[in-house]
Amino acid sequence: MTAPLARPEEPLNLSAPTRLDEVKGWFWPADQVLFDWFLSRQNAGPSGGDLLELGAYLGKSAIFLGGYLKEGEEFTVCDLFDSPAEDDGNDGEMRRSYATLTRRAFEANYRAFHDELPTVVQAVTAVLPDRVRHASCRFVHVDASHLYAHVRTDVETSRLLAAPGAVVVFDDFRAEHCPGVAAAVWGAVDARRLHVLCITQHKMYATWDDPEPLRTELAAFLAGREDLWHGVEEVAGAPLIRVTGRKAVPPKHPRSRYETTTPGPGSAAVQSRHAPVRGQLARRLGKDLLPPVLARRLRRWL
């Protein structure tokens, strides 16, 4: 999460989101494209697995992930929400960064898009090895604490819980306000245990297993995307794909049950809500100010 830290006095907004973009959070289009590609590829395969997210904020990425959950699979979300942290350092980060975060807001946002909530573990992420079956998760998104000791534990947790061939995603791996994340994640890469598939401005995509042929398939996919730039260089003795997505076109989002109009680019949804009002006003003005022939033509056009 690389946006400025939330202010403690910021009011909690529990209004029902009509589309995913209304849910607060930092989940950028380029990462949405990659999440969609990795998860769709997994869903098309014969084997299944569970989904796991460490750190949920108000649920933006969790809502997106929930759209790829297949029957018989489990989606687990772990976050402290309103619970006190287990140590002063982590508790201080929670107060500074997520003063508006509550489990109630997360659940309200999630239910706007999905009928059933994921399995919610309201605790520190260190408890997950005791709550989630080992080697069961095909996709793990790590976006919890930014403190080195905790992230290092989260890295190891992702290894324990990842199924064979799983994709593990680490947020804020190079953000200037999160050096602890960088140290923990790159440390695992340097030890030749964690294998990087690609990086974006905000996230690292990796696997604990052989990265081929997944990395080759990813490169072929990116080569066909005109909205994503990518380049390959060698890091820690292995190829690493860098992805830039300033012009990325996001995939289809889960649909909110509160959606009243079909969302379009930019402010199309807002424009559609005001269109009837503008039409009525134009008709009134046409009747009052235009000659009868022109007024009739205006009414037919509107």
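For the structure itself, consult the block above.
Please read all numbers here as calculations on a predicted model, not as lab measurements. (Residues numbered from 1 in each chain as written. Predicted model: local features only at pLDDT ≥ 70, side-chain atom pairs only at ≥ 80, totals over all residues. Heavy atoms only, no water.)

Novice: I'd love a proper account of the sheet that holds strand E5 (residues 162-171), names of residues and values included.
Specialist: Across the sheet, which stays open at both edges, the 9 strands sit in the order E3-E2-E1-E4-E5-E7-E6-E9-E8 with mixed pairing between neighbours. Two strands close off the open sheet at either side, each with one partner strand: strand E3 (119-122) and strand E8 (229-235). For this sheet, the mean inter-axis angle between neighbouring strands, taken without regard to orientation, is 20 degrees. Sheet topology places strand E6 (residues 195-199) next to strand E9 (residues 238-244); 2 bridges connect them, and they run parallel. Each bridged residue has a counterpart across the sheet, and for Ile199 the counterpart in E9 is Arg242. The sheet strands contacting helix H8 (residues 214-223) are E5, E6, E8 and E9, and the helix crosses E9 at an angle near 30 degrees. (Pairing = 2+ DSSP bridges. Helix = DSSP H or I, 4+ residues; strand = E, 2+ residues; numbered from the N terminus. Axes fitted to C-alpha atoms, helices over the stretch in contact; angles between N-to-C directions. Contact = heavy atoms within 4.5 Å.)

Novice: Can you break down the side chain of Asp227 residue by residue, with the values?
Specialist: Relative to the helices and strands, Asp227 is located in the loop between H8 and E8. Those residues in contact with Asp227, other than ones at most four positions away along the chain, are Thr244, Gly245, Lys247, Ala248 and Val249.

Novice: Account for the nonpolar core, with residues named and values stated.
Specialist: Buried together is how nonpolar side chains tend to be arranged in soluble globular proteins. Counting 42 residues, the largest nonpolar core has Phe35, Phe38, Phe106, Phe139, Tyr205 and Leu218 as its most contacted members. Beyond its immediate sequence surroundings of up to four residues, Phe139 is in contact with Phe35, Phe38, Leu39, Gln42, Asp50, Leu51, Leu52, Leu65, Val167 and Val169. (Core = buried A, V, L, I, M, F, W, Y, C linked by side-chain atoms within 4.5 Å. Buried < 20%, exposed > 50% of the residue type's maximum accessible area, 1.4 Å probe, protein only.)

Novice: Give a description of the pairing of strand E4 (residues 137-142) that names residues and reports values.
Specialist: Of all 6 residues in E4, 6 are buried, a share of seventy percent or more. When strand E1 (residues 50-54) meets E4, the two strands line up parallel, connected through 5 bridges. In the strand pairing of E4, Leu52 is matched with Val140. Alignment of E4 against E5, held across 5 bridges, turns out to be parallel. In the sheet register, Val142 faces E5, and the bridge partner there is Phe170. For the crossover that starts at E4, traverses helix H6 (residues 148-161) and ends in the parallel E5, the hand is right-handed. (Right-handed = clockwise from strand over helix to strand, strands pointing away.)

Novice: Could you give an account of helix H1 (residues 29-44), with specific residues and numbers?
Specialist: A rise of 1.5 Å per residue sets the reference length of H1, with its 16 residues, at 22 Å; its end C-alpha atoms lie 22 Å apart and thus fit the reference within 8%. For H1, the full list of buried residues reads Ala30, Asp31, Gln32, Val33, Leu34, Phe35, Trp37, Phe38, Leu39 and Gln42. (Expected span 1.5 Å × (residues − 1).)

Novice: Go over the packing of H1 against H8 with me, naming the residues and quoting the values.
Specialist: Viewed as axis vectors pointing N to C, H1 and H8 meet at an angle of 130 degrees, and their least axial separation amounts to 12 Å. Judged on the interaxial angle alone, H8 and H1 are oblique. Two packed elements cross with a definite hand, and for H1 against H8 that hand is right-handed. Contacts between H1 and H8 involve Val33, Leu34, Trp37, Phe38 and Arg41 from the first element and Leu214, Glu217, Leu218, Phe221 and Leu222 from the second. Tallied by class, the residues present in the contact of H1 with H8 amount to 8 nonpolar, no polar and 2 charged. (Parallel < 35°, antiparallel > 145°, perpendicular 65-115°, else oblique. Left-handed = near helix turned anticlockwise from the far one by under 90°. Nonpolar A, V, L, I, M, F, W, Y, C, P; charged D, E, K, R; others polar.)

Novice: Any details on the packing of aromatic side chains? Residues and values, ideally.
Specialist: Within the structure shown, the criterion is met by 14 aromatic pairs. Residues Phe35 and Phe139 carry aromatic rings whose centres are separated by 5.0 Å and whose planes lie at 65 degrees to one another, so their mutual orientation is edge-to-face. Within this pair, whereas Phe35 is found in helix H1, its partner Phe139 is found in strand E4, the two being separated by 104 residues in sequence. Given a relative accessible area of 0%, Phe139 falls into the buried group. Ring plane angle 20 degrees and centroid distance 5.6 Å describe the contact between Phe38 and Tyr205, whose orientation is recorded as stacked. Of this pair, Phe38 sits in helix H1 while Tyr205 sits in strand E7 (residues 203-207), and the two are 167 residues apart along the sequence. Of the two residues, Phe38 and Tyr205, neither departs from the other in class, the shared state being buried. Taken together, the ring pairs connect Phe27, Phe35, Trp37, Phe38, Phe64, Tyr68, Phe139, Tyr205 and Phe221 into an aromatic cluster. (Phe/Tyr/Trp six-rings, centres within 6.5 Å; stacked < 30°, edge-to-face > 60°.)

Novice: Go over the packing of H6 against helix H7 (residues 179-190) with me, naming the residues and quoting the values.
Specialist: Running from N to C, H6 and H7 point in directions that differ by 35 degrees, and their axes come no closer than 8 Å. Crossing hand, H6 versus H7: right-handed. The segment H6 lies against H7, with Tyr148, Val151, Arg152 and Val155 engaging Gly180, Val181, Ala183, Ala184, Val185 and Ala188. Taken together, the residues of the contact of H6 with H7 break down into 8 nonpolar, 1 polar and 1 charged.

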